[in-house]
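For reference, the chains in residue letters:
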Amino acid sequence: MGLKLFLVLGLFCVTSVLGFGVDPALRINVFDELTLGEGFDGVTQVQGFHSESRAFHFQGSSREVKAPEDVSARMLQKLRGRTEFTVLVTLKQEHLNSGVILSIHHSEQRFLELESSGQRSEVRLHYRTKGQQAHTEVFPYSLADGQWHKVSVAVSASHIILHVDCNRIYERVVEIPFMDIPDDAAFWLGQRNSAHGFFKGVMQDVQILVLPQGFISQCPDLNRTCPTCNDFHGLVQKIMELQDILAKTSSKLSRAEEKMNGLDGCYCERTCSVKGVVYREDESWTDGCRNCTCTVGYVCVCVCLNCPESEQVNLTDRCCKVCTRTPGGSWLNKTHETIGNIQLITNLKRISHDFCAEGHDCVEHSDCINLEAGARCSCKDGFRPLRDDNAYCEDIDECAEGKHYCRENTVCVNTPGSFMCICHRGYIRIDDYSCTEHDECVSGLHSCDQNALCFNKVGGHSCSCKPGYTGNGTVCKAMCDGLCQNGGTCISPNNCICQQGFTGKRCETDIDECSDGFVECNDKAICVNLPGWYHCECRDGYHDNGLFSANGESCIDINECKMERNTCANDTVCFNLEGGYDCRCPHGRNCTGDCILDNKVKHNRQIWVLDNDRCSVCSCQTGQVMCRRMVCDCENPTADLFCCPECDPRLSSQCLHQNGLLTYGSGESWVENCQQCQCLQGQVDCWPLSCPPVDCEFTVVPEGECCARCIIDPCQADTIRNDITKTCTDEHGIQRFSGSSWVKHGTECTLCQCKNGHICCSVDPMCL
């Protein structure tokens, strides 16, 4: 049924609610919210792309354009929890600048950040996924060209569209962003923080619209009438919610049926209510001189000795008469003054008889005791009589009356019939009446880190990190001089554990798998060393057939002649070769050997610099264009510092590492948090670390590594290719779509998830 709804949604179009106006409740106008232009150094108002709104020039690297806490909270409230929104900006970015347009982050967690890299000609969208993983979506496109551009990035659940100048440049399916932004997250404009990611250029109309197809407000001609990807995901979510409601209803129905089936064997106990007191069936009690029993209703009778009434006499304080003749036949003197003394009868001869079993009037906290001539009540230990017959007793408060034995470091607590000695906080029990100070450090019942020292204190303890570690004592982290580089982890003082692909005391050295002989690529591929790993890249003249084999076996020849990827002049004939081509002159002709590049003629042996890459030098050699990177000679004072950043000696061209403790020269690169970073003329640019392609259903990123690996067990996977046609059947027999989750029946903390037909259950740490 659910799949039919999906098909209906995919085919059915609805009218868009967007027009030229946008509800202010759905719009975040960043310039207006920040009151930009008032008190922000490095930001000045200038002429924009149009005159209908303000534009601002961002320059320098000593500015801090950050929203105040109340303003940030107001903006983020509109965005929090949304799965459909659009970031809009009109900008003119300086040549080769790499900077952040806007950034919403909390500590190191970037919830939404839009970045433009002029160094690598990329637009990057950083966010966090629902699996709490950092994700960067990279769009190869250059905005840093000194020209005005209208830019929009529209997010609709797992669907992202990049428009530049009202042209759809990229449309991708990605992991759904997680927009549960913390209340204290920071909102920055034109920079990542106070030290990195400075955008240089002019920005205008910086907005976030929390509605479908927000790009239409920037480019009305792009209006569409079909539902968005978020609509589809919303329907999927509703179906999952209905599935969950069905499962819970089925569970309740099942429990109700179980209770109904058990009603036949249910025992309903009968009770008696007498003078406001409820007695259970067959329970007995004393009502004055009557012994009562709860039967059907209740019955009270006077139960006396088993002898003729003519031989019975009354005794003082007794409800029943006693026999005047002993079982042996001896008569008692009825006129004796002590005839009311039951002890006299006892002294005459012991009688072995259970008077208590025949009934008594001893009630709460009073016990019945058999005497020679009858039964008597006696208060239990810890209780005192309320009347002379001891039938009713009250608790003695030993604590209030000082009748306890509690000693030092304890507090007396009264209990029915007794008392308890409770240890003061931070003390441990020696016996029932005394306690001693609790040495939490010795007992191990402390909160100190394993790399901290524990100091016992009266009523508690304190923690202090050991030498070589830093922290608050509860959490201590090792310190390494110079810190661990390239994503390494400091596990003990001056001891770094390196990520795969790096080595050295500080993990400062990349392992060159290509030169060290670890890798053997196919002859059609060449080994390319990358920070932390390598891959076999197809040689010039070859391309991959789509199988992406690790050693390059999937590289096949490119037919440059057939695909018109050659530079042969019109007077020659292109002849394909393995891994290349040849421009051959027909027999009897006198060919020039010229080259055709971008519809322009380059003469044979001509040398030139590419228009779009001033660092590449090309030449025409008998119809073929050969290009190479410019050779850098740092001894040459006229060296192009852009093409040769390593030759730039200026301090202003150095960059500060993210930790604020290391500096790098222009042209140097490093790895930080699974990103490749480079310093270029004082600006730091970081991009996701290149990873080898993985083509599998289930992947996981091992702890301490940056790249995903294929695994077989779906329950261990970080990422799966969700296929809604692969459903799971839960314990109620209800079908669940891949990606849905539910709490397992009969449990409170067992969370199950459907992963492409596989049910994976684990304990939810949030409910423990």
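Given the structure is predicted, the values throughout are model-derived calculations rather than measurements.

Draft legend 1. The arrangement of the overall build of the protein chain in detail. Counting its secondary structure elements, the protein chain contains six helices and 60 strands. By residue count, 38% of the 768 residues in the protein chain fall in the buried class. Restricting the contact set of the protein chain to residue pairs at least 6 apart, pairs at least 24 apart contribute 43%.

Draft legend 2. Up close: the UniProt feature "domain: EGF-like" (unreviewed entry) in the protein chain. According to UniProt, the "domain: EGF-like" (unreviewed entry) feature falls on residues 352–394, 395–436, 437–477, 478–508, 510–545 and 557–592. The span residues 510–545 shows a helical share of 0% and a strand share of 44%, and its end C-alpha atoms are spaced 30 Å apart. Overall, residues 557–592 shows 0% helix and 31% strand. The separation of its end C-alpha atoms is 28 Å.

Draft legend 3. Expanded view of the state of the cysteines. Under the definition given, this model contains 30 disulfides. In this model, Cys 362 is linked to Cys 377 through a disulfide, with the two sulfur atoms separated by 1.9 Å. A torsion of -105 degrees about the S-S bond marks the disulfide between Cys 362 and Cys 377 as left-handed. With Cys 362 in the loop between α5 (342–348) and β21 (366–370) and Cys 377 in strand β22 (residues 375–379), this residue pair connects regions lying 15 residues apart in the sequence. Residue pairing for Cys 514: its cysteine sulfur links by disulfide to Cys 527, the two sulfurs lying 1.9 Å apart. In this structure the cystine formed by Cys 514 and Cys 527 twists about its S-S bond by roughly -75 degrees; its chirality is therefore left-handed. Note that Cys 514 is positioned in the loop between β36 (509–510) and β37 (525–530) and Cys 527 in strand β37, a separation of 13 residues in sequence. The class of Cys 514 is partly exposed, set by a relative accessible area of 23%.

Draft legend 4. Looking closely at the sheet that holds strand β59 (residues 750–755). Reading across from one edge, β58-β59-β60 is the order of the three strands in this open sheet, with antiparallel pairing throughout. Looking at strand neighbours, the two that pair on one side only are β58 (741–743) and β60 (758–763), the edges of this open sheet. Neighbour-to-neighbour, the strand axes of this sheet turn through a mean angle of 25 degrees, independent of strand direction. Sheet topology note: the β59/β60 ladder contains six bridges and is antiparallel. The residue bridging Thr 750 from the neighbouring strand is Val 763, located in β60.

Draft legend 5. Summary view of the sheet that holds strand β50 (residues 669–672). What the three strands build is an open sheet, ordered β50-β51-β52; its pairing is antiparallel. Of all the strands in the sheet, just β50 and β52 (683–688) have a single pairing partner and so form its edges. Direction aside, the axes of adjacent strands within the sheet are offset by 30 degrees on average. Sheet analysis places strand β51 (residues 675–680) next to β52, joined by six bridges and oriented antiparallel. In the sheet register, Gln 678 faces β52, and the bridge partner there is Asp 685.

Draft legend 6. Region of interest: the packing of aromatic side chains. Evaluation of the coordinates by the stated rule reveals eight aromatic pairs. Between the aromatic rings of Tyr 405 and Phe 419, the centroid separation amounts to 6.0 Å while the plane-to-plane angle is 55 degrees, which identifies the pairing as tilted. Of the two residues, Tyr 405 is situated in the loop between β24 (393–395) and β25 (410–415) and Phe 419 in strand β26 (residues 418–423); the sequence distance between them amounts to 14 residues. We classify Tyr 405 as exposed; its relative accessible area is 56%. When its relative accessible area of 16% is taken as the criterion, Phe 419 is described as buried. Centroid distance Tyr 664 to Trp 670: 3.9 Å. Interplanar angle 5 degrees. Geometry classified as stacked. The pair formed by Tyr 664 and Trp 670 is uniform in burial state, with each residue classed as buried. Counting every residue linked through ring pairs, the aromatic cluster contains Tyr 405, Phe 419 and Tyr 433. Lying over the aromatic face of Tyr 170, Arg 172 brings its terminal NZ or CZ to 4.9 Å of the ring centre.

Draft legend 7. Layout of the nonpolar core. Residues Leu 36, Phe 58, Leu 79, Leu 112, Leu 125, Leu 189 and Met 203 are the most contacted members of the largest nonpolar core, which totals 48 residues. Excluding its chain neighbours within four sequence positions, the residues that come into contact with Leu 112 are Leu 79, Phe 85, Val 87, Leu 102, Ser 103, Ile 104, Leu 125, His 126, Met 179 and Ile 208.

Draft legend 8. Main features of a nonpolar patch on the surface. On the surface, a nonpolar cluster with roughly 290 Å² of combined accessible area is contributed by Val 411, Val 413, Met 420 and Ile 422. Mapped onto the elements of the fold, Ile 422 is located in strand β26. Exposure remark for Ile 422: the relative accessible area of 31% places this residue in the partly exposed category.

Draft legend 9. A look at unusual backbone geometry. The phi angle at Asp 205 is positive, at roughly 55 degrees, despite the residue not being glycine. Tracing the backbone shows Asp 205 in strand β13 (residues 201–209). Overall, Asp 205 belongs to the partly exposed group, its relative accessible area being 21%. Its identity is not glycine, yet Asn 756 carries a phi of approximately 50 degrees, on the positive side. By the secondary structure assignment, Asn 756 is in the loop between β59 and β60. By relative accessible area, Asn 756 is classed as buried at 5%.

Draft legend 10. Up close: the side chain of Asp 648. Checked against the element boundaries, Asp 648 lands in the loop between β47 (624–629) and β48 (655–656). Take Asp 648: its relative accessible area is 8%, and that puts it in the buried class. When residues no more than four places from it in sequence are discounted, the contact partners of Asp 648 are Leu 641, Ser 653, Ser 666 and Gln 681.

Draft legend 11. Structural detail: the pattern of salt bridges. If you walk through the whole model with that rule in mind, you get 24 salt bridges. Between Arg 387 and Asp 389 there is a salt bridge, and its shortest N-O distance comes to 2.6 Å. For Asp 389, a relative accessible area of 32% translates into the label partly exposed.

Rules used throughout
Residues numbered from 1 in each chain as written. Predicted model: local features only at pLDDT ≥ 70, side-chain atom pairs only at ≥ 80, totals over all residues. Heavy atoms only, no water. Helix = DSSP H or I, 4+ residues; strand = E, 2+ residues; numbered from the N terminus. Buried < 20%, exposed > 50% of the residue type's maximum accessible area, 1.4 Å probe, protein only. Contact = heavy atoms within 4.5 Å. UniProt positions renumbered as here; feature names shortened; annotations may be inferred. Disulfide = S-S within 2.5 Å. Pairing = 2+ DSSP bridges. Axes fitted to C-alpha atoms, helices over the stretch in contact; angles between N-to-C directions. Phe/Tyr/Trp six-rings, centres within 6.5 Å; stacked < 30°, edge-to-face > 60°. Lys NZ or Arg CZ within 6 Å of the ring centre and 35° of its normal. Core = buried A, V, L, I, M, F, W, Y, C linked by side-chain atoms within 4.5 Å. Patch = residues over 30% accessible without salt bridge, like charges linked within 9 Å, V, L, I, M, F, W, Y side chains within 5 Å. Areas by Shrake-Rupley, 256 points an atom, 1.4 Å probe, with all protein chains shown as cover. Salt bridge = Lys/Arg side-chain N within 4 Å of Asp/Glu carboxyl O.

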